[in-house]
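The chain contents come next:
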Amino acid sequence: MKLLESNSLQIKKKIVSRELHSTDIVRHLFERIKNLEPDIQAYITTTEEEALKKAIEIDKKIENNQQVGLLAGIPIAIKDNICTKNISTTCASKILKDFMPPYDAFVTKRLKEEDAIIIGKTNLDEFAMGSSTENSRYKITRNPWNVEYVPGGSSGGSAAAVAADMAFMALGSDTGGSVRQPAALCGIVGVKPTYGRVSRYGLVAFGSSLDQIGTLTKNVKDAAVLLQVIAGYDPRDSTSLQVPVPDYLDNINSGVNGLRIGIPNEYFTEGLHSDVNKAIKDALKIYEKLGANIVYLSLPHTEYAVAVYYIVANAEASSNLARYDGVRYGHRTNNARGIIDMYSRTRSEGFGSEVKRRIMLGNYALSSGYYDAYYLKASKVRTLIKNDFDNAFEKIDCIICPTSPVPGFKVGERANNPLQMYLSDIYTIPANLAGIPGISIPCGFSSDGLPIGMQILGKHFEEKRLLQIAYAFEQETDFHLKKPALRVPLRQR
Amino acid sequence: MEYEVVIGLETHAELSTVTKLFCGCSTQFGVEPNTQVCPVCLGMPGILPVMNRKAFEYALKLAVALSCEINRFTNFDRKSYYYPDLPKNYQISQNYYNLGVNGYMNIEVNGNVKKIRIHNVHLEEEAGKLIHPEEIGADYSLVDFNRAGVPLLEIVSHPDMRNVDEVESYMQTLRKILLYTEVSDCKMQEGSLRFEASISLREKGSDKLGNRVEIKNLNSMKSVIKAIEYETVRQGRLLDKGATIARETRLWDEVAERSEHMRSKEDAQDYRYFPEPDLLPVLIDEKWLHAIKDTIPELPLDRKQRFMEIFKLSDYDAGILIEEKALADFFEACVKILDRPKALSNWIINDLLREVKDRKLDIYNLPIKPQQLAALVEIIEKGTISSTIAKEVFSEMIQAGKAPQAIIEEKKLAQISDENLIELVINKVIANNPNVIEDYKKGKKNALAFLVGQAMKETKGKANPKVLNELLQKKVNT
Ligand SMILES: [Zn+2]
């Protein structure tokens, strides 16, 4: 097996057992990144020097028989909207070009504590606003399975890096599907935890009541380990909850016998691509074979989810992004006349068009006279959507549905059609509105050879059950082992 | 035409917590710019607020003290506007569920008590401060974020005040309640207590409200009164001419003593309030509320009533004593030691307050202890020293922080009541002033006062005046 194609747990085992040096892996990995980056464009920043330093440190620890962390020696990429102390955090925006946070996000700190090796910051749609990673102010990330296609978004850089073996695992953020959808489009595993499971401290806010940091990994077990590290209460995030974190690897193979799988009728309608539909139906057959029962049900308020999402997320974003004004940090215009002009020019220059569009929509929804009709009403419908899930989960244990309605779309194909772009997240958005956890796992390929993702949604804080359900499927299939045929010749050990 | 003035006040009081509302930074006043800041209060990307429970409790305490209905479910809202001193360009405040609503405060004007309704009490974060460079032609301003994030209480009254006396009393009473409950230090010069007024005029007898004008930038209570007086005249003149009053916000110019148009109602900012998603709602249960209620002390007006009833103090004296909680506490501590309320209150009002003024003492940190003042009054009553000497002793007590007994002994100030000693002095004085005795005997009664003065001079003021007078009378009349 090729070294860089290994999953994280395999690599860690080899490092800890002294079969491999952490430093060697890091060197190989950066060689691959250098080879592939021109085609994939996954990274905004790479941190080879720091990564090597950390690798040397870990190798030394192991040599001295010192205790090492859960992620010892695993090279990991971080989405560039998650703060990393003294490593620039740009959110793929010009307004935060060269912004160097003087603090680590909670999750960054956890990665460091568990001896992970941070290799770089990945590309995203500016401020995580998008579903294709085309809205970055720096580069357009490509899908490793076919570079004419988008990797999904907004965590497209993280997903593409993991899919192309340019990182062993990665962190992303999911506000309306931004972890699960690119995971699906890139053929990897993506977990969006329950709202409040992972601290948002240090995650640059987009939609505060929806944002959650998630994992992008090569398989389910890797996801379990990474989630283990980042989950837990953080007093600096008032919305993180004091719910005990179970051992996610323990009993991961407990199977699905007797599992009640809910299939929402509203998710299998016209906009769904036939290849995706078939892949999901085939997957359900596997689950049935493994002893699960299929229950068809209704989530009646599904049709409102996208509208509600774009009101709530944009309203929160318009406020969250107000702080980028050039006064304290980040980009400031060079030619301002007075403070109002400084604000206006700084923000005009600093933000891209999609971000501006959303700020305007959000401000509109919150403005006096429209608040009740938009934000308040959206909040109420959000409650109805939550109730749909609560009602469903009285009869079932999980919901299975497609992650994305299509296997993928080409770069540029939807760039000028925001509405069509917004519909990319039609199946992922409801989980964010309800705050429930979701996981996307590979479940097949389209006739064009693009990976297809299956989404499993569960009750609040039942990530462990979701991982078990996903693992059962993964054990029966080999979709997750398939690798994209990248045309760049690779020098491998 | 005769008009009635209708006035409402919005009060901002910085809470006296040690740390800021949503981060651990110190709230200390007057330190180097931008030394009490952190990523939270600078509004850095990805940073989240965590509520200071103490600040919330302070706010709750004041809301209860103002007899507000307490919203058992309350949360924070974001109030959006762009200003360089506002780090996030939104202020975390309360709008949809204020923590206290429908309260009231009794004020006293010329002995009459009036109830002023409180619309709401809510908690929010303070902004930073812009510093404009003094150099001419400077094309920049600086921002100091030390105050940014300091907990701020907003108290909004109904337009229930009708004249400046009521406004004055409202401000003073509210200030006292803030001090009594110890939620704010109310230092106006440090900006920890600020007011904004809204004023409208209407025809006397009408119950319809006129168009309201809001006045900002009122940096002292004096400014509030002056601005209201100015605005009353301004609006009155306009109405007399038949003009309508524009709904606007005006800025008070303290130096010129006039207000200027700032913005009209149509230009009012749309704050786009919405619930703060980074903070959880605060649920106030019965137990918590009870614990808060237990911490609320007797309020100033109640205390004044009690002083008048129990200690038989005059309205005036009681009013002065309750002016500052520390002073009223000092008085009560004295009375507890020595049951002479009238004498003690006189000493506090006449002498202690004069020393406080002259020496610029801090009432909350007096150099004299209640035991010491009580001891002094007791010594006077026993006749050990005269009241004239007592003033000297008192001054020394303040200066040196010593007990009165120690000063009297040290300076040998004890009053001479020994009749034999005093008689010797009288004999000497009489011998030295034979003419005066003659005058007296001829009927010049005030000649005796001269002799008393001479005897006092001889004893350096220590002779017991009562004994001296009696003996002298006896002597000259025999
Ligand atoms: Zn701070």
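An unreviewed UniProt entry annotates chain B as Aspartyl/glutamyl-tRNA(Asn/Gln) amidotransferase subunit B of Candidatus Jettenia ecosi. Quoted verbatim from the Subunit (unreviewed entry) field of the UniProt record, the comment on chain B reads "Heterotrimer of A, B and C subunits." Quoted verbatim from the Sequence similarities (unreviewed entry) field of the UniProt record, the comment on chain B reads "Belongs to the GatB/GatE family. GatB subfamily."

You'll find chain A entered in an unreviewed UniProt entry as Glutamyl-tRNA(Gln) amidotransferase subunit A, with Candidatus Jettenia ecosi given as the organism. Recorded in UniProt for chain A, the comment headed Catalytic activity (unreviewed entry) runs: "L-glutamyl-tRNA(Gln) + L-glutamine + ATP + H2O = L-glutaminyl-tRNA(Gln) + L-glutamate + ADP + phosphate + H(+)". In its Sequence similarities (unreviewed entry) section, the UniProt record describing chain A reads: "Belongs to the amidase family. GatA subfamily."

### Here's the deal with the interface of chain A and chain B
Each side of the interface is counted separately: chain A has 33 residues, and chain B has 24 residues. For the side of chain A that touches chain B, the secondary structure elements donating two or more residues are helix H9 (305-320), helix H10 (338-350) and helix H11 (353-366) of chain A. Among the elements that take part in the side of chain A that touches chain B, H9(A) stands out by supplying three residues, more than any other. When the residues that make up the side of chain A that touches chain B are grouped by side-chain class, the tally is 17 nonpolar, nine polar and seven charged.

### Some thoughts on the pairing of strand S2 (residues 75-79) of chain A
Within a regular beta strand, the side chains point alternately toward one face of the sheet and then the other, so they alternate between its two faces. All names here are of chain A. Summarising burial for S2: five of the five residues are buried, a large majority. Judged from the five bridges that link them, S2 and strand S3 (residues 117-122) form a sheet pairing that is parallel. Bridge pairing in S3 links Ile78 to Lys121. Regarding topology, helix H4 (residues 106-113) serves as the crossover connection from S2 to the parallel S3, and that connection is right-handed. Relative to strand S4 (residues 169-174), S2 is paired through three bridges, and the arrangement is parallel. Bridging from a neighbouring strand, Ile78 pairs with Leu171 of S4.

### A closer look at the environment of B:Asn420
Relative to the elements of secondary structure, B:Asn420 occurs in helix H12 (residues 419-432). Separated by 51 residues in the primary sequence, B:Asn420 and B:Leu471 have C-alpha atoms spaced 9.9 Å apart.

### Some details on the domain arrangement of chain A
Residues and elements named next belong to chain A. Taken as a whole, chain A is organised into domain 1 (3-263 + 398-481) and domain 2 (303-380). At the interface, 27 residues of domain 1 touch 23 residues of domain 2. Listed by contribution, the elements that provide at least two residues to the side of domain 1 that touches domain 2 are helix H13 (418-422) and helix H14 (429-434). Broken down by element, the residue count for the side of domain 1 that touches domain 2 peaks at three residues, all from H14. Grouping the constituent residues of the side of domain 1 that touches domain 2 by class yields 15 nonpolar, eight polar and four charged.

### Concerning the pairing of strand S11 (residues 451-457) of chain A
All names here are of chain A. Of all seven residues that make up S11, seven are buried, and the element is covered over most of its length. Of the two faces of S11, the one carrying Pro451, Gly453, Gln455 and Leu457 and the one carrying Ile452, Met454 and Ile456 are both buried. Where strand S9 (residues 398-402) meets S11, four bridges bridge the pair, whose relative direction is antiparallel. By the bridge assignment for S11, Cys401 is matched with Gln455.

### Some words on the UniProt feature "domain: Asn/Gln amidotransferase" (unreviewed entry) in chain B
Annotation from UniProt places "domain: Asn/Gln amidotransferase" (unreviewed entry) at residues 329-476 of chain B. Span residues 329-476 of chain B is 73% helix and 0% strand, its end C-alpha atoms 50 Å apart.

### With respect to helix H2 (residues 164-180) of chain B
Residue and element names in this part refer to chain B. With 17 residues, H2 extends 24 Å between its outermost C-alpha atoms, agreeing within 8% with the 24 Å of an ideal straight helix rising 1.5 Å per residue. Taken residue by residue, H2 has Val167, Ser169, Tyr170, Met171, Leu174, Lys176, Ile177, Leu178, Leu179 and Tyr180 as its buried positions. A positive phi of about 60° marks Glu182, the residue just after H2.

What counts, and at which threshold
Residues numbered from 1 in each chain as written. Chains lettered and ligands numbered in written order. Predicted model: local features only at pLDDT ≥ 70, side-chain atom pairs only at ≥ 80, totals over all residues. UniProt positions renumbered as here; feature names shortened; annotations may be inferred. Contact = placed C-beta atoms within 7 Å. Helix = DSSP H or I, 4+ residues; strand = E, 2+ residues; numbered from the N terminus. Nonpolar A, V, L, I, M, F, W, Y, C, P; charged D, E, K, R; others polar. Buried ≥ 20, exposed ≤ 12 C-beta atoms within 10 Å, placed from the backbone. Pairing = 2+ DSSP bridges. Right-handed = clockwise from strand over helix to strand, strands pointing away. Domains from an automatic or database assignment. Expected span 1.5 Å × (residues − 1).

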